[in-house]
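The residues making up each chain are set out below.
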Amino acid sequence: METSAHDILIIGGGGAGLRAAIEIAQQNPKLSVAMVSKVYPMRSHTVSAEGGAAGVAAKDDSIDEHCYDTISGSDWLGDQDAIEYFCNEVPKELLNLEHWGCPWSREPDGRVAVRPFGGMKKMRTWFAADKTGFHMLHTLFQTSLQFGSITRYDEVFATRLLVEDGAIQGLVGIELRTGKIRAIQSKAVIICTGGCGRVFPFTTNANICTGDGMALAYQAGAPLKDMEMAQYHPTGLPFTGILITEAARAEGGWLLNKDGYRFLQDYDLGKPTPTPVLRSMELGPRDRVSQAIFGEFEKGRAFKGPYGDYVHLDLRHLGEHKIESRLPMVRELCLKYENLDPVKEPIRIRPVQHYMMGGVHTDIDGQTTLAGLYAAGEAACVSINGANRLGSNSLGELLVYGARAARSAIEYIGRANGHVSQSAVLAQAFDEERRLEREFLNKTGGTERIAKIRDEMSHTMETGCGIYRERDTLIESANKIRELKERFQRIAIDDHTRTFNTQLTSALELGFMLDVAETIVHSALNREESRGAHQRRDFPKRDDDKYLAHSMAWRSPEGPPRIDYRPVVITRWPPGERVYGR
Amino acid sequence: MPQYTTYQPKPYRPRMSAYWYLDQWNYLRYAMRESSSFFVAYFAAITLLQIAALDRGPTAYAHFQQLMRCPVVLVLNALALAFILLHAVTWFLLVPRVALRQMLGRPTPNVIASVPNFMVWFGATVIVALFILRVI
Amino acid sequence: MADTIILEVQRFHPESDTEPSYQSFEVPLRDDWMVLDALNHIKDQLDGSLAFRWSCRMGICGSCGMMINGVPKLTCETLLMEYAPGPVRVGPLNHFPVIKDLVVEMDDFMAKLQKVRPWIVRKDDFKPEREYIQSPAQMETYHQFSLCINCTLCYAACPVSGLDSNFIGPAAIALAHRYNLDSRDQGIEDRLDIVSQHEGIWDCTVVGECSTVCPKGVDPSLAIQQYKLTATKEWFKSFLLPRGKN
């Protein structure tokens, strides 16, 4: 058992994690910051974000309008104080990133350019060609290299949070290179581990998005909030699930069914116009557009393909020049993965899971219910995205809340006192080492294959917990997940070596995903209304009397999670009707 | 048996073969391009011999010309010419990669940028040929 | 048309092997599968101990670089059909120490990236109220070099990297060049000391393979040659027009 200690520990090396690390290094260079990530930071899933980051920039735009768009986009489930803070801070953060070298696309006069995006009334999305997440991540990573106070633990897989006396004491992880178990002690831990899309079968998410941080927090006793709110992105490629950015629609792309008809007009999203109109038709919010596409599938007006139904995203009328300058990556991806050129043919797309609005519950300071535990980014749920996230709000969230959680952590360790027994903490760490050896490394005679349980889990999540849900299928899924958790105990491990054991990490990730999947299903089962991304066929209306509240899933020692509710913070925008296209 | 101590795996460090350039066609092309410098030196040596022979008078020069007519030397010179042409062509194609040039707001394709080099080379060759053939 | 293909994968388990060896696997040959899908099939269905890195599966994270029939490629972007009827040889990236199977050690590369100071360096205290003004033309000069995903295929392709492990390498130099050309940066002198050493740009003999294998069109070879010009100019400036260092 190798041990080390740092002042603040960050799990996850993506946009939120790096921003938090830089904030700590800049605010107080004397604090030692550890950044633990199961992959090298530049592999974090932030890298694949394409569209942009919204921040009020133009003179005719206002913070209040950004707030309203976000609040109505969230179907009034977003906490308005957090949203106000976010909308105020995000332009400053984006500008800060520009000073750090981020190559935001420019207007001819040299000023940062903005583009329209779904659900936003004004153009306020900053972008870097169509690789915004890539440029942001690499800018943050390269900027972080100049700070000596940041120690990176690359390819260390966190398996458990250490908690003693109701406060965080650090974590236990596996150093992948050697297989050594490490205990890293720290009074403050910030979880920035991203989303959990791999719980679903068709997702834009990378292989690493398995909800590790969410499960770690949940297992340590912190609740997960709004887990039923899983966002489906309308335009993903059918087999791989690869994302075709919303920017393709923002630049003027059309969604067509098999009759070549712009079907969104049938779903209360406005009337079709030749050029895009903000908050209307293809620039509607993601949940409504995904639901409309699904509607076409059910009406039989979609194309049939080897991997299921699909519709068309038509970019041909934009012309080659526009596609090459504004959407080069879209063209590249279509040519490579679908063998079609968007300049000449419409793109085959279907809704795919993309983002998890839910996550580790935090307050407006990024603090969870566990002392010393913070969370930021997609892994957290503050909540600014509520029941549906608007495109280009999540990249900004990484920066704003990454920095805020960092500042909260600094403040916490400044006043944290209380003597904790070192031996008690280390005893927990040794306990974890023995558990890993007993349940995985030294285990023989297992009968279940990891891939099989994973496939069954994702299949049941799609059927029971997809875009449209209802009580019976949700209960079936809940039972199935229970069964899979039990079968997981009998998993077969072929690789008993210590060095870079990726089968071990796959098994651990599956364990995390099963926990997270259970919270998703139970939160969905208990919310008996339809709001944003959570659509119940048996409760098709929004119910503000009972459910203007966040679902909180708490771990219970035996059996399914306990779900209770926490009211939404309303400041200046009382709940109203979500109107698009009118 | 490997000397593995728990938690201290030794990574495998492959050694690059001395014949690495035979692995890929692109590497072989590179190796030929670099070895063409040898033939440039060879030609320079021949030219120096030629000048020295010229300096010593007509019999020495006739002896030199006879030497140049030997079949072995002819083959060697032909090979050298091939390599020198390779040397010149690859050099001219490479030079545009070095200069930072933006024409019409876009980086210029290398091939187009190397055209002036080739034109100058061709022009110089024509002039030298005219000299040799006693036209000028 | 056969419906399966053989993959010959390099295996190396340091706990039991001193040398790597090749193991053959038969996988389905589907026309929309990438080589990565074949590797995942092996891991999920045939041999769970096969270790390799992958993440985004869309050619942007840079994790899945491997040698396929002797050429460094991103396995998530390489169509399996291209190699039909096979067999296809899959090995870890050349010129890196191999930790296990297809996983290589990246420490050296990460250290080299850090060495070239890849961040905006300002020598003055000027902070604009809003953004630094940068025209699209100014961005065009460095934009291509900012597209590097750190996949290190260029290091696997570069024979100099194989022969001299101290060579800073194409990606690191291209990144340094990207910052030099960025109109917001003032750190060209800081980077010069590191990059214009023998293990820096001058180790490069213009093989050009780095640019050939680069999956993102970064053209690191161009960056290196441009850097040689820059370094030479700066060297002349330093003794024809000497300036005190601050």
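Residues numbered from 1 in each chain as written. Chains lettered and ligands numbered in written order. Predicted model: local features only at pLDDT ≥ 70, side-chain atom pairs only at ≥ 80, totals over all residues. Heavy atoms only, no water.

### Examining the interface of chain C and chain B
Line of reasoning, step 1. With 36 residues of chain C in contact, the opposing surface of chain B contributes 25 residues.
Line of reasoning, step 2. Where chain C abuts chain B, roughly 2400 Å² becomes buried across the two surfaces, and 61% of that area is made up of carbon and sulfur atoms.
Line of reasoning, step 3. Summed over the shared surface of chain C and chain B, the result is zero salt bridges.
Line of reasoning, step 4. On inspection of chain C and its partner chain B, the count reaches seven residue pairs in polar contact (both at pLDDT 80 or more).
Line of reasoning, step 5. If you list the elements that add at least two residues to the side of chain C that touches chain B, you get helix H3 (136–143), helix H4 (153–157), helix H5 (159–163), helix H8 (209–213) and helix H9 (220–240) of chain C.
Line of reasoning, step 6. Along the lines of polarity and charge, the residues of the side of chain C that touches chain B split into 16 nonpolar, 13 polar and seven charged. (Contact = heavy atoms within 4.5 Å. Buried area = accessible area lost by both parts, 1.4 Å probe. Salt bridge = Lys/Arg side-chain N within 4 Å of Asp/Glu carboxyl O. Polar contact = N/O pair within 3.5 Å; in protein donor to acceptor, adjacent residues only side chain to side chain. Helix = DSSP H or I, 4+ residues; strand = E, 2+ residues; numbered from the N terminus. Nonpolar A, V, L, I, M, F, W, Y, C, P; charged D, E, K, R; others polar.)

### Here's the deal with the pairing of strand S5 (residues 88–91) of chain C
All names here are of chain C.
Line of reasoning, step 1. With three bridges joining them, strand S1 (residues 4–11) and S5 adopt parallel strand pairing. Paired with Val-9 across the two strands is Val-90, which belongs to S5.
Line of reasoning, step 2. Pairing of strand S3 (residues 65–68) with S5 involves two bridges; the strand directions are antiparallel. Bridged to Ile-68 within S5 is Val-90. (Pairing = 2+ DSSP bridges.)

### Observations concerning the pattern of salt bridges
Line of reasoning, step 1. Counted by the stated rule, this structure contains 86 salt bridges over all chains.
Line of reasoning, step 2. The closest approach of N and O atoms between A:Glu2 and A:Lys180, which form a salt bridge, is 3.6 Å. Residue A:Glu2 is located in strand S1 (residues 2–5), and its partner A:Lys180 is located in strand S10 (residues 180–185); the two are separated by 178 residues in the primary sequence.
Line of reasoning, step 3. Judged by relative accessible area, which is 31%, A:Glu2 ranks as partly exposed.
Line of reasoning, step 4. For C:Asp190, the salt bridge is made with C:Lys123, and the minimal N-O distance between the two is 2.6 Å. Here C:Lys123 lies in the loop between helix H2 (107–115) and H3 and C:Asp190 lies in helix H7 (residues 188–195), a separation of 67 residues in the sequence. (Buried < 20%, exposed > 50% of the residue type's maximum accessible area, 1.4 Å probe, protein only.)

### Observations concerning helix H7 (residues 286–299) of chain A
Owing to its 3.6 residues per turn, the α-helix aligns residues three or four sequence positions apart on the same side.
All names here are of chain A.
Line of reasoning, step 1. With 14 residues, H7 ought to run about 20 Å at 1.5 Å a step, and its terminal C-alpha atoms sit 20 Å apart, in line with that.
Line of reasoning, step 2. Taking burial as the measure, the 14 residues of H7 include 11 buried ones, the bulk of the element.
Line of reasoning, step 3. The complete set of buried residues in H7 reads Arg-286, Asp-287, Arg-288, Val-289, Ser-290, Gln-291, Ala-292, Ile-293, Gly-295, Glu-296 and Phe-297. (Expected span 1.5 Å × (residues − 1).)

### Considering the packing of H7(C) against H9(C)
Residue and element names in this part refer to chain C.
Line of reasoning, step 1. The geometry of H7 relative to H9 is characterised by a closest axis approach of 11 Å and an angle of 105° between their N-to-C directions. The orientation of H7 relative to H9 falls into the category roughly perpendicular. Residues Ile-188, Arg-191, Leu-192 and Val-195 of H7 pack against Tyr-227, Thr-230, Ala-231 and Glu-234 of H9.
Line of reasoning, step 2. For the contact of H7 with H9, the residue count by class is five nonpolar, one polar and two charged. (Axes fitted to C-alpha atoms, helices over the stretch in contact; angles between N-to-C directions. Parallel < 35°, antiparallel > 145°, perpendicular 65-115°, else oblique.)

The quantities given are spatial measurements derived from coordinates; they are silent on function.
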